[in-house]
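These are the residues of each chain, in order.
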Amino acid sequence: MLKSKGYTVLHSISPITSEDPTWYPKKMAIERLMQIDNEYLANHSQPLNEIHFLIIQDALDNIPEEYLIGMVFIGDLK
């Protein structure tokens, strides 16, 4: 469903160790994601949390389903 609406990545500010992370879909060119630097992440991260990105297609292709955990908040996907 997310891919069909044009979403390419999920991002989260939940701790990397969270057993139930919260994910938000984003429409972002994968090339742009690869250009994000540490300064951007530092400026947009909350204390004790970091922004994490998950490329949707990569996750579907390479991560076993039992490791894809958390909740995806999709809001109004128009």
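Now for a quick tour of the structure. Worth saying up front: this structure is predicted, and the values here are computed from it rather than measured. (Residues numbered from 1 in each chain as written. Predicted model: local features only at pLDDT ≥ 70, side-chain atom pairs only at ≥ 80, totals over all residues. Heavy atoms only, no water.)

## Let's talk about the overall build of the protein
Phase 1 of the analysis: A count of helical and extended segments in the protein gives three helices and four strands.
Phase 2 of the analysis: Seen in sequence order, the protein has helices and strands lined up from the N terminus as β-β-α-α-β-α-β.
Phase 3 of the analysis: Within the protein, contacts between residues at least 6 apart in sequence are counted, and of these 61% link residues at least 24 apart.
Phase 4 of the analysis: Working note: accessible area of the protein is about 5,900 Å², and carbon and sulfur atoms make up 53% of it. (Helix = DSSP H or I, 4+ residues; strand = E, 2+ residues; numbered from the N terminus. Contact = heavy atoms within 4.5 Å. Areas by Shrake-Rupley, 256 points an atom, 1.4 Å probe, with all protein chains shown as cover.)

## Side note on the pairing of strand β1 (residues 9–12)
Phase 1 of the analysis: Two strands pair when backbone bridges link them, and β1 and strand β2 (residues 22–26) are joined in this way by three bridges, in the antiparallel orientation. Paired with V9 across the strands is K26, a residue of β2.
Phase 2 of the analysis: Alignment of β1 against strand β3 (residues 52–55), held across four bridges, turns out to be antiparallel. Residue pairing across strands places L10 opposite L54, the latter belonging to β3. (Pairing = 2+ DSSP bridges.)

## Observations regarding the layout of surface pockets
Phase 1 of the analysis: Put simply, the largest pocket is a space of about 500 Å³.
Phase 2 of the analysis: Along the wall of the largest pocket there are 24 residues; nearest its centre are L10, W23, L54, L68 and I69.
Phase 3 of the analysis: Elements with a contribution of two residues or more to the lining of the largest pocket: β1, β3 and α3 (56–62).
Phase 4 of the analysis: A breakdown of the residues in the lining of the largest pocket according to their chemical character gives 18 nonpolar, five polar and one charged. (1 Å grid on protein atoms, 1.4 Å probe; cavity = no way out; pocket = protein on both sides within 12 Å on 5 of 7 lines; lining within 4 Å. Points joined across faces, edges and corners; volume = space filled by probe spheres on them. Nonpolar A, V, L, I, M, F, W, Y, C, P; charged D, E, K, R; others polar.)

## A few points about the environment of E19
Phase 1 of the analysis: With respect to the helices and strands, E19 occurs in the loop between β1 and β2.
Phase 2 of the analysis: As a C-alpha pair, E19 and I69 span 50 residues in sequence and 7.3 Å in three-dimensional space.

## Side note on the sheet that holds β3
Phase 1 of the analysis: The four strands are arranged β3-β1-β2-β4 in an open sheet whose pairing can be described as mixed. The open sheet has two free edges, formed respectively by β3 and β4 (71–72), since each of these has just one partner strand.

## Some details on the environment of L2
Phase 1 of the analysis: Examined against the element boundaries, L2 turns out to sit in the segment before β1.
Phase 2 of the analysis: The buried category is assigned to L2, whose relative accessible area is 16%.
Phase 3 of the analysis: Separated by 72 residues in sequence, L2 and I74 place their C-alpha atoms 8.5 Å apart. (Buried < 20%, exposed > 50% of the residue type's maximum accessible area, 1.4 Å probe, protein only.)

## What about the packing of aromatic side chains?
Each aromatic ring pair is summarised here by two numbers: the centre-to-centre distance and the angle between the ring planes.
Phase 1 of the analysis: In this structure the tally under the stated criterion is one aromatic pair.
Phase 2 of the analysis: Lying over the aromatic face of Y7, K27 brings its terminal NZ or CZ to 5.0 Å of the ring centre. (Phe/Tyr/Trp six-rings, centres within 6.5 Å; stacked < 30°, edge-to-face > 60°. Lys NZ or Arg CZ within 6 Å of the ring centre and 35° of its normal.)

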